[in-house]
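# Overview (structure and organization)
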Amino acid sequence: MKITLVKKILADGSPCKKCGDVLQKLEESGHMSRIDEVLVADEREPNSAGLQLAKDLNVHRAPFFVVEKEGQDPEVHTVYLKFVKDVLEQSTSASDEALEIMNDNPDLDFI
Amino acid sequence: MSAELLNTVDIDSKLQKEPPQEILRYALSQFDNIALSFSGAEDVVLLDMATQIRPNIEVFCLDTGRLHSETYRFIEKAREHYNINIDVLYPDGSAVRKLVKEKGLYSFYQDNHQECCSIRKIAPLKNKLLELDAWVTGQRKDQSPGTRGTIPVIQNDRLFARPNETLTKFNPLANWTSRQVWDYIRAYNVPYNELHDRGYQSIGCEPCTRPTGPNQHEREGRWWWEEATQKECGLHASNVKKA
């Protein structure tokens, strides 16, 4: 299994805040060692590896994780806590996961 | 057909030109295990259209516990009018209790609506969608140009899919305007929530919804005390050149 993390650099050159938060959580939990590759989606560089991967996989937000297993299509995870639970197999709070989804997907508040 | 066989991007480009009825017809022809999300507002047009294609369509509704009494009455009216079962979903009681105990009943006026919505809407929605292969929403681009301007009519819903499986989301009204929705409601005498006659364009929970005045966007009737925040998680796809 190969896990790739794509983090984003904004058009003004500043790092994406959520990406920073996720990286910090990965470091603090010791899960960073499970990440095989970190790619950058740099909004100033259309050909940056992270943006190209996002385009290939039809992903419209960052950070996101790609999990590749032999003989299977790559899995994309855009919710950090769901990724932690489903891939890293660490228990997470349902409320925290729901809040992350709500915070990252403002279009859902009309549902 | 199973969801993994669908290329949602290609299909979306074709369905974008189709009316909602044809998008619904396509969705229902592709999936048996599909349900329609009904909010108790003007998305009743989807109920009207879908029941003409599949009279026993599965419908679910999120009861946050904070809806207007008019909305509860309308949900019941819709159930009777279309002779359908509506699966009314509720938030986890212990999560609501914890929130209210810690922050009171109106915490959203102090620290925004996301926490409350996540407990009362997102968590039960997430649990429901684990049961399904596809779902249908009443989301429209014109509801909030800032956050819904690019919604497709069909998409691979990675947020709520079961692990290692796919969930397909249909937004048949994506390209319809509020005007088109109301033209349909009036033309076909579709029942609607009485709050609409009192100036409510968009209807959600009672504490977070208010009537709007002339020339106000419907979004201004929801969470009006919150400042528009900069959303930075989206990837600006227009920056990505074709490889």
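Residues numbered from 1 in each chain as written. Chains lettered and ligands numbered in written order. Predicted model: local features only at pLDDT ≥ 70, side-chain atom pairs only at ≥ 80, totals over all residues.

### A word on the overall build of chain B
When helices and strands are counted, chain B shows nine helices and six strands. Looking at the 243 residues of chain B, the share that counts as buried comes to 39%. Contacts in chain B between residues far apart in sequence, at least 24 positions, make up 68% of those at least 6 positions apart. (Helix = DSSP H or I, 4+ residues; strand = E, 2+ residues; numbered from the N terminus. Buried ≥ 20, exposed ≤ 12 C-beta atoms within 10 Å, placed from the backbone. Contact = placed C-beta atoms within 7 Å.)

### Points about unusual backbone geometry
Between A62 of chain A and the following residue, P63 of chain A, the backbone shows a cis peptide bond with an omega angle of 5 degrees. The phi dihedral of N112 of chain B is positive, around 70 degrees, even though this residue is not glycine. Following the sequence through the fold, N112 of chain B ends up in the loop between α6 (108–111) and α7 (114–129). At N215 of chain B, a residue that is not glycine, the phi angle is positive and equals roughly 65 degrees. For N215 of chain B, the position within the fold is in the segment after α9 (178–187). Exposure remark for N215 of chain B: the 6 C-beta atoms within 10 Å place this residue in the exposed category.

### Remarks on the environment of V153 of chain B
Residues and elements named next belong to chain B. Within the secondary structure, V153 sits in the loop between α8 (145–148) and β5 (154–156). On the basis of neighbour count, V153 is assigned to the buried category, with 26 C-beta atoms found within 10 Å. Between the C-alpha atoms of V153 and A174, which are 21 residues apart in sequence, the distance is 5.9 Å. Residues contacting V153, with those up to four places away along its chain left out, are D12, L15, Q16, I23, F170, N171, P172 and A174.

### Quick look at helix α4 (residues 69–82) of chain B
Residues and elements named next belong to chain B. An ideal rise of 1.5 Å per residue puts 20 Å on 14 residues; α4 measures up with 20 Å between its terminal C-alpha atoms. Three or more residues of α4 are buried, namely T71, F74, I75, A78 and Y82. The arc enclosing the buried residues of α4, seen along the axis, measures out at 105 degrees, which places them on a common side. Opposite the buried face of α4, at more than 90 degrees from it, the exposed residues are S69 and E80. Buried residues along α4 sit in contact with α3 (44–53), β2 (58–62) and β3 (86–89). (Expected span 1.5 Å × (residues − 1). Arc of directions from axis to C-beta.)

### Looking at the nonpolar core
Residues and elements named next belong to chain B. Grouped together as the largest cluster of nonpolar side chains are 73 residues, with contacts concentrated most on A27, L36, L46, L47, I122 and V136. Residue contributions to this core peak at seven residues, all from α7. Those residues within four positions of A27 in sequence are excluded, and the remaining contacts are I34, A134, V136 and F170. (Core = buried A, V, L, I, M, F, W, Y, C linked by C-beta atoms within 7 Å.)

### Focus on the sheet that holds strand β3 (residues 64–68) of chain A
Residue and element names in this part refer to chain A. The sheet built from four strands is open, its strands ordered β2-β1-β3-β4 with mixed pairing. The open sheet terminates on both sides in strands that have one partner only, identified here as β2 (37–42) and β4 (75–77). Sheet twist, expressed as the average angle between the axes of neighbouring strands with direction ignored, equals 25 degrees. As judged from the three bridges shared by β3 and β4, these two strands associate in the antiparallel manner. Across the sheet, the residue bridging to V67 is E75, located in β4. (Pairing = 2+ DSSP bridges. Axes fitted to C-alpha atoms, helices over the stretch in contact; angles between N-to-C directions.)

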